[in-house]
Amino acid sequence: MEFRNVAIIAHVDHGKTTLVDGLLRQCHAFQEHEAVADRVMDSMDLERERGITITSKNTAVLYDGVKINIMDTPGHADFGGEVERVLRMVDGAILLVDASEGPLPQTRFVLRKAMEEGLKLMVVVNKIDRPDARIGEVLDEIYDLFIELGADDEQLEFPVIYAWAKQGVAHYKLGDDSTDFRPLLDTIIAKMPSPRLDDRKGSSVLITNLDYDPYVGRLGLGRLRGQNLKRGEMVTWFGPDGRTKKVRAQLLYTWMGLRRREVEEVEVGDVMAIAGLEEITVGDTVATGENPVAQERLLVDEPTIGMIFTINSSPFSGRDGKFLTGRQIRMRLERELMSNVSLRLEETEVGEAFKVYGRGELQLAILIEQMRREGFELSVSRPEVVFKDGPNGETLEPWEEVTIDIPDQYVGPVTQAMAARKGQMREMDQDGSGHTRLVYRVPSRGLIGFRSELLTDSRGEAVLNATFDGWDKQAGYFRSRSNGAIVSDRTGKTTAYALFHLQPRGTLFVNPQVEVYEGMILGEHIRENDLNVNAVKGKQLTNIRSANADEKLILSPPRQMTLDAAIEFIDEDEWVEVTPNFIRLRKKVLASNQRSIIRRERT
């Protein structure tokens, strides 16, 4: 069979998963009576809730006798490691760009990675139905991006398809009479190369992803190179640290549509899965032949953000979760590392605390959310950036390129906020319709907790996108959070009477009748210092009628602290307490008198 292996790469929310839906429907991958949800490739609950792709997934369609293996990749910068490893499985990439937004920071990242892998590229301009579409300008911006990244003449001759993925329509030229996705599929077959054949003897598979089957155990996924591989054949497994082991390929799988199917033989060039190797992990090689050789292991960009994961040591520990101990947290993190090559785990001086490094706050927040849904209780610290030594002994920190789209009237507050976080403006572009695009280069530290501040400054109308821009000298000190916290000074249940009188002091995070403990954060203070309060105080009842006896207690709705918001809010001396049903903020040192002693010693 003839094959085409392609990855769909793009910035977040430019329509990759919707495009895959259209390709599956065009090739009749679903049965007529089958109920199919939108964005069918987003199979995780978190992906559907957040509306983003988190993990790379593969599917396959059959079109005109050619099997097209399609890799759906995440578009968010924090999940760039998923994109990097998938690009090792394909020969071509479809760069998807929104017809209105044009190339954004993650577009640059994924395009650069695809060019480094030497992949054949084609461009799909999606969402051409948008009333604010500017297709000609976007196409010019795409050409400029290719030139900026050092594309040669051959790479600049990329084919362009115009698509309305939601309706399953693609055009060679704007306004032609096409009513389906055939132009896109025909272009993939005509312009995307077949798998490159090599002269190696035997079969070889670089494992780029993992799956699990409850009946056969762990599955290693990759693309087959060299020669066909048969079920039951003896293979050599090349693990980390040079370990090798001869085993039998017990079961082999390939894909058609969304279904994984068992096969007796895998043809060279196809995407496959192999069972029978319980120790297999991402980056390993499975090969056959008299003198098998391991393929080069996967290398991805270094993580830039770290957080401490530790046990839940609050007074309410053990009430809600099933997995509470440091050993259980460590085992879960080690299991995550097996499939996520962009994460790093590091021991700390405290045996029950672990430093987890990733690409960004969102990637770590997704991991924490998955753990709490599995029944874990844990505490996590404020994100911290990774520092490293430069060639001349100086300290370097990660910097990011940030693109902010805002209404014109909010440019002033946003530029002021970015200046306070050591941001360096690169571009300022007004489109004439009341919106401005700002491009900044800012230290990664400056983005921790900035998103919520940006939404406040812009009344929720700003859109922020960021991507890693390299390592540079430290930007110096700047304060991350300008306001202090309102902290409970005792244990009990909050009362409406106490919260009503605390409202003028700041923004509250809790409702009445919520259990709190000493050291738990109840809100954000309007001043820089922390404020210890009694939130469980009730009204004194006497037989004497006072002037304000019938005063109404009208409470403003509290700010709902989601996991993402809590991680952004906390300061260096605070934890986020995460359980299956609750997210609480607390001080690392719970007793208020001890915090006072520590504060005096620092000053």
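Residues numbered from 1 in each chain as written. Predicted model: local features only at pLDDT ≥ 70, side-chain atom pairs only at ≥ 80, totals over all residues. Heavy atoms only, no water.

A. How the structure looks around the overall build of the chain. The helix and strand inventory of the chain stands at 15 helices and 36 strands. Here the C-alpha radius of gyration of the chain, 27 Å, is about what a compact globule of 603 residues would show, namely 25 Å. Along the first, second and third principal axes, the C-alpha set of the chain runs to 90 × 65 × 60 Å. Going through the 603 residues of the chain one by one, you find that 54% of them count as buried. The contacts of the chain with a sequence gap of at least 6 include a subset with a gap of at least 24, amounting to 70%. (Helix = DSSP H or I, 4+ residues; strand = E, 2+ residues; numbered from the N terminus. Rg over C-alpha atoms; globule rule 2.2 N^0.38 Å. Buried < 20%, exposed > 50% of the residue type's maximum accessible area, 1.4 Å probe, protein only. Contact = heavy atoms within 4.5 Å.)

B. Spotlight on the nonpolar core. Within the largest apolar cluster, 42 residues are counted, with the highest numbers of intra-cluster contacts made by Ile9, Leu87, Leu95, Val123, Val125, Ile142 and Phe146. Looking at this core element by element, the count peaks at six residues for helix H5 (residues 135-148). If we ignore the near neighbours within four places in the chain, the residues touching isoleucine 9 are Lys16, Thr73, Val83, Leu87, Ala93, Ile94, Leu95, Leu96, Val110, Leu111 and Ala114. Of all hydrophobic cores here, the second largest spans 32 residues; its members include Leu343, Phe354, Leu378 and Leu585. (Core = buried A, V, L, I, M, F, W, Y, C linked by side-chain atoms within 4.5 Å.)

C. Expanded view of the packing of aromatic side chains. For the structure on display, the rule yields five aromatic pairs. Judged by centre distance (5.0 Å) and plane angle (90 degrees), the ring pair of phenylalanine 316 and tyrosine 517 falls under edge-to-face. Placement of the pair is phenylalanine 316 in the loop between strand E19 (305-310) and helix H8 (326-339) and tyrosine 517 in the loop between strand E32 (515-516) and strand E33 (521-525), with a sequence separation of 201 residues. Pairing phenylalanine 323 with phenylalanine 376 gives two aromatic rings, centres 4.8 Å apart and planes at 35 degrees, and the pair type is tilted. Here phenylalanine 323 is found in the loop between E19 and H8, whereas its partner phenylalanine 376 is found in the loop between helix H9 (361-373) and strand E22 (378-380), with 53 residues between them in sequence. Given a relative accessible area of 4%, phenylalanine 376 falls into the buried group. In this structure, arginine 260 is placed above the aromatic ring of tyrosine 253, and the distance from its NZ or CZ to the ring centre is 5.2 Å. One cation-aromatic arrangement involves arginine 584 over phenylalanine 582; the distance from NZ or CZ to the ring centre is 4.6 Å. (Phe/Tyr/Trp six-rings, centres within 6.5 Å; stacked < 30°, edge-to-face > 60°. Lys NZ or Arg CZ within 6 Å of the ring centre and 35° of its normal.)

D. Looking closely at the packing of H8 against H9. Two elements in contact, H8 and H9, have axes whose closest approach is 12 Å; the angle formed by their N-to-C orientations is 125 degrees. In this view, H8 runs oblique relative to H9, as classed from their interaxial angle. Relative to H9, the crossing made by H8 is right-handed. Along the contact surface, H8 presents Ile329, Arg332, Leu333 and Glu336, while H9 presents Leu367, Gln370 and Met371. (Axes fitted to C-alpha atoms, helices over the stretch in contact; angles between N-to-C directions. Parallel < 35°, antiparallel > 145°, perpendicular 65-115°, else oblique. Left-handed = near helix turned anticlockwise from the far one by under 90°.)

E. Representation of helix H10 (residues 411-420) within the structure. What H10 keeps buried is the set Val411, Val414, Ala417 and Met418. Buried residues along H10 cover an arc of 135 degrees about the axis, so they all sit on one side. Turned more than 90 degrees away from the buried face of H10, the exposed residues are Gln416 and Ala420. Contacts made by the buried residues of H10 are with strand E25 (395-407), strand E26 (424-430), strand E27 (435-443) and helix H12 (450-457). (Arc of directions from axis to C-beta.)

F. Region of the structure containing the sheet that holds E33. Here we have four strands laid out as an open sheet, ordered E31-E33-E29-E34, and mixed in their pairing. Single-partner strands in this sheet number two, and they are strand E31 (506-508) and strand E34 (531-533). Taking the axes of each pair of neighbouring strands and ignoring which way they run, one obtains an average angle of 30 degrees across the sheet. As judged from the three bridges shared by strand E29 (residues 485-488) and E33, these two strands associate in the antiparallel manner. (Pairing = 2+ DSSP bridges.)

G. Looking closely at the side chain of asparagine 209. Here asparagine 209 is to be found in strand E9 (residues 209-213). Within the structure, the side chain of asparagine 209 is placed 3.3 Å from the side chain of arginine 85, a separation counted as a polar contact. (Polar contact = N/O pair within 3.5 Å; in protein donor to acceptor, adjacent residues only side chain to side chain.)

H. Highlighting the pattern of salt bridges. With the rule as written, the count across this model stands at 39 salt bridges. The salt bridge partner of arginine 4 is glutamate 2, with a shortest N-O separation of 2.9 Å. By relative accessible area, arginine 4 is classed as buried at 5%. Arginine 373 is the partner of glutamate 369 in a salt bridge, and the nearest nitrogen-oxygen pair spans 2.8 Å. With a gap of four residues between them, glutamate 369 and arginine 373 both fall in helix H9, about one helical turn apart. Each of Arg108, Glu148, Glu401, Arg426, Arg441, Asp469 and Asp472 takes part in one network of salt bridges that share partners. (Salt bridge = Lys/Arg side-chain N within 4 Å of Asp/Glu carboxyl O.)

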